[in-house]
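# Coordinates in review
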Amino acid sequence: MKNHIRELRKTAKLSQEEVAKLCNVSRQTINVIENDKYDPTLQLAFNIASLLDTTVDELFINDSIRK
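None of the values given here were measured: they were computed from a predicted structure.

## Notes on the environment of Arg-9
Mapped onto the fold, Arg-9 is located in helix H1 (residues 5-11). Overall, Arg-9 belongs to the buried group, its relative accessible area being 7%. Taking C-alpha positions, Arg-9 is 9.9 Å from Glu-34, a pair spaced 25 residues apart along the chain. Residues within four places of Arg-9 in sequence aside, it is in contact with Leu-14, Ser-15, Gln-16, Val-19, Glu-34 and Leu-52.

## What about the side chain of Gln-16?
Of note, Gln-16 is situated in helix H2 (residues 16-23). Among the polar contacts made by the side chain of Gln-16, one reaches the side chain of Glu-34 at a distance of 2.9 Å. Here Gln-16 is in contact with Arg-9, Arg-27, Ile-30, Asn-31 and Glu-34, once residues within four sequence places are set aside.

## Comments concerning the environment of Phe-60
Here Phe-60 lies in strand S2 (residues 60-61). Its relative accessible area of 11% is what places Phe-60 among the buried residues. As for Phe-60 and Lys-2, which are separated by 58 residues in sequence, their C-alpha atoms are 5.9 Å apart. When residues no more than four places from it in sequence are discounted, the contact partners of Phe-60 are Met-1, Lys-2, Asn-3, Ile-5, Ile-33, Pro-40 and Ala-45.

## Digging into the pattern of salt bridges
A complete count under the given rule lists two salt bridges for this structure. Across the salt bridge formed by Arg-9 and Glu-34, the nearest N and O atoms sit 2.5 Å from each other. You can see Arg-9 sitting in helix H1 and its partner Glu-34 sitting in helix H3 (residues 27-34), a full 25 residues away along the chain. Across this residue pair, the class does not change: Arg-9 and Glu-34 are buried. Residues participating in the shared-partner salt-bridge network are Arg-6, Arg-9 and Glu-34.

## Some remarks on helix H4 (residues 42-51)
For H4, the set of buried residues is Leu-44, Ala-45, Ile-48 and Ala-49. Considered in projection along H4, the buried side chains sweep an arc of 135 degrees and stay on one side of the axis. Exposed positions of H4 whose direction lies more than 90 degrees from the buried face are Leu-42, Gln-43 and Ser-50. With its phi angle positive at about 55 degrees, Asp-53 sits one or two positions after the end of H4.

Cut-offs and rules
- Residues numbered from 1 in each chain as written.
- Predicted model: local features only at pLDDT ≥ 70, side-chain atom pairs only at ≥ 80, totals over all residues.
- Heavy atoms only, no water.
- Helix = DSSP H or I, 4+ residues; strand = E, 2+ residues; numbered from the N terminus.
- Buried < 20%, exposed > 50% of the residue type's maximum accessible area, 1.4 Å probe, protein only.
- Contact = heavy atoms within 4.5 Å.
- Polar contact = N/O pair within 3.5 Å; in protein donor to acceptor, adjacent residues only side chain to side chain.
- Salt bridge = Lys/Arg side-chain N within 4 Å of Asp/Glu carboxyl O.
- Arc of directions from axis to C-beta.

Set out below in structure tokens:
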């Protein structure tokens, strides 16, 4: 599932490490999510969206729905 995490994180001037700490996950977890190699749990998705002041719907793009 594609996402806008990197863009929103950079706009918020947060590093992957900072996002990871605030969400209680590793920096590597944030990295693989940003690179569309891992889909986060629903709870982690909500945590990231809240941290980046957006909604889960706005944060993630479900390509399968658009086809």
